[in-house]
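Topology and contacts: notes
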Amino acid sequence: MDSFRDVHVWLLILIVGSASALHYDCLPSKVLEGKETPSCLLDGVTLPTAEHLQNVTFSSNHAAVTMEHGLIPHFTAELARKLPKVEDLTLVGMGVKKLLIWRSLKHLSAYNNSIETLEFDDGLSGKLGSEYELTSLVLNGGLLKTVPPLGSRFNRLKLLSLDNNLLEQVKLDDFVGLTHLQSLSLASNRLIQVELGASPEHAGFALLKLMHLSLAGNQLLTLNMTGWELGSLASLDLSDNNLYLLAGGLDSLGALKELRYARNDWNCEWLSKVQLHLTSEAISVVDREPEGRCAESSMKELQGICCYEHAELDYSTDVFGTRWEQLAGLQRQYELLQYTHDLQTVKESEAIVDEDRMFRNRLDRTNQAQDGLEQSLKRLQSNVADEVERMERLSLGITRSMAELRRSLNDLYQLSIQPEPSLDAIRQQTAVGSVERMETQIDKLRRGIREYAGSTEMRENQLRRLSERLAEVNGMIMQFELENQLSQQHVADLEATVKMAYDLIDRNPSKPLGSRVAV
């Protein structure tokens, strides 16, 4: 008991202790013989934290490395840089959750880990812009719930295996970019549906170099093979599912040589026609039913394969037998998925409606502000017109005063050059009166000129301020018009999104299973 406790204490110290001196060597007893480049086995590599990843070192210069029975939750780019020559990497029971694939890797195998996501490198190999060299990828015994987004970056990949994961639905167009793929295995998952693509517009699925396809050990009820273009497919494994027919048949698989399809729930009428086709095309059936399965499940046996008679032939026979509980579970799972989908759709629709209402309120406030600015502009334009008219009247009055003053000066001048009157008293009185009138007219003229100059300067200042305000208002109106156009465009986009959301809500999400098509 004490020795067991000491072992645990030692392991705890090893894991949480200082990560400053971590170093791992290859185990020489595990070096494979008969290869030009021997394989290096690194046993018990434990790197639970970023500090451990930063400080670890390896003595391996091998191109092939196998890591077993350790712990690396996140296989990062920093760790990959410390294995610069590795082209063939195998990870067995390492607890990996996130796994990096870098460009220089040619073979990557990961068994019995906890892989949930993949990460992809854009330049770790030092060859920016170079293609990925990966030719085989095995991710068996992980926690993948969806097919990794491999896309077209792995156009050299020939083997892909995702066995023993948590896949429930697969869209075949996820693999279309793998143009050189020769073997694809999705065995021992939880597949209940295999479809062509994300939307019904996908017309087909073509992998012209694919030679082996395995969907064994899943929960498929039916499989629609219509549109499959697999001109090189030689081996197909559909064993150990719940299949009762294949929609579309096997006619399109012209190169098929080997078929595994035991341990299913085939329809006898469909199965008999398929077996005739297999015989005529010399397609070999590799697997057989377990001994006694047909009798135990009240099924008929045709050439070693169990099947159910059509329900119309015998109403006393329970076609599904012990599968009712499984069908009920699938029905409950479907209802739960449907409820979750409806709930999420309602939430998204409400969010879209709220956002649409918010933008419409902003648009209304913008329109109101624009209307207020337009009214202010009209008032300013009216005030400017009134001031211009007033200035014109003032200028006309000053012009008339100047004309009258000129006439008065002319009259005085004429009086000054006329001959003197004969009587000195009359002359003096006339001269005094003329001088007084001239002085009065001159003072009046000076006051008028000063008033005109002051009024003119004040009106010019006011007109300048009005012009500046008018330019500012015009700029604001142009800005509001631009915002109004942007708001209207956004509202149009929101209306299209809302219409799409309502179409999705109104759409009947249930679809019947594939129709029964004879081969």
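For the structure given in this document, a descriptive report is provided here. Owing to the predicted nature of the structure, the values given are computational and were not obtained by experimental measurement.

Definitions and cut-offs
- Residues numbered from 1 in each chain as written.
- Predicted model: local features only at pLDDT ≥ 70, side-chain atom pairs only at ≥ 80, totals over all residues.
- Heavy atoms only, no water.
- Helix = DSSP H or I, 4+ residues; strand = E, 2+ residues; numbered from the N terminus.
- Contact = heavy atoms within 4.5 Å.
- Areas by Shrake-Rupley, 256 points an atom, 1.4 Å probe, with all protein chains shown as cover.
- Pairing = 2+ DSSP bridges.
- Salt bridge = Lys/Arg side-chain N within 4 Å of Asp/Glu carboxyl O.
- Patch = residues over 30% accessible without salt bridge, like charges linked within 9 Å, V, L, I, M, F, W, Y side chains within 5 Å.
- Buried < 20%, exposed > 50% of the residue type's maximum accessible area, 1.4 Å probe, protein only.
- Phe/Tyr/Trp six-rings, centres within 6.5 Å; stacked < 30°, edge-to-face > 60°.

Some points on the overall build of the protein chain
Counting its secondary structure elements, the protein chain contains seven helices and 25 strands. The long-range share in the protein chain, meaning contacts at least 24 apart out of those at least 6 apart in sequence, stands at 56%. With an accessible surface of roughly 30800 Å², the protein chain has 53% of that area assigned to carbon and sulfur atoms.

Structural notes on the pairing of strand β8 (residues 107-111)
Bridging between strand β6 (residues 88-92) and β8 involves five bridges; their strand directions are parallel. The partner of Asp 88 across the bridge, within β8, is His 107.

So, the pattern of salt bridges
On inspection of all chains with the given rule, the structure shows 11 salt bridges. Residue Asp 265 pairs with Arg 293 through a salt bridge whose shortest N-O separation is 3.4 Å. A residue pair is termed long-range when its members are at least 10 positions apart, and Asp 265 in the loop between β21 (258-260) and β22 (266-267) and Arg 293 in helix α5 (residues 293-296) qualify at 28 residues. Sharing partners across several salt bridges, the network here consists of Asp 265, Glu 289 and Arg 293.

Some thoughts on a nonpolar patch on the surface
A contiguous nonpolar surface patch, about 330 Å² in accessible area, is contributed by Leu 336, Tyr 339 and Leu 343. Examined against the element boundaries, Leu 343 turns out to sit in helix α6 (residues 324-417). Residue classification places Leu 343 among the partly exposed positions, given a relative accessible area of 38%.

Things to note about the sheet that holds β6
Taken in spatial order, the 11 strands make up an open sheet running β2-β4-β6-β8-β10-β11-β13-β16-β19-β21-β23, and their pairing is parallel. Of all strands in the sheet, those bounded by a partner on one side alone are β2 (39-43) and β23 (284-285).

Regarding the environment of Gln 326
Tracing the backbone shows Gln 326 in helix α6. Taking relative accessible area as the criterion, Gln 326 reaches 28% and is therefore assigned partly exposed. On a C-alpha basis, the gap between Gln 326 and Gln 219 in space is 9.7 Å, while along the polypeptide they are 107 residues apart. Those residues in contact with Gln 326 that lie beyond four places of it in its chain are Gln 219 and Asn 242.

Digging into the packing of aromatic side chains
Within this structure, the stated rule accounts for six aromatic pairs. Aromatic side chains Phe 120 and Phe 154 sit 5.7 Å apart centroid to centroid with 55° between the ring planes, which places their arrangement in the tilted category. With Phe 120 in strand β9 (residues 117-120) and Phe 154 in the loop between β10 (136-140) and β11 (159-161), this pair connects stretches of sequence that are 34 residues apart. Centre to centre, the rings of Tyr 132 and Phe 154 are 4.8 Å apart; their planes meet at 55°, and the pair counts as tilted. Here Tyr 132 is found in the loop between β9 and β10, whereas its partner Phe 154 is found in the loop between β10 and β11, with 22 residues between them in sequence. Across the pair, Phe 154 and Tyr 132 agree in class, each one buried. Clustering of aromatic rings is evident, with ring pairs tying together Phe 120, Tyr 132 and Phe 154.

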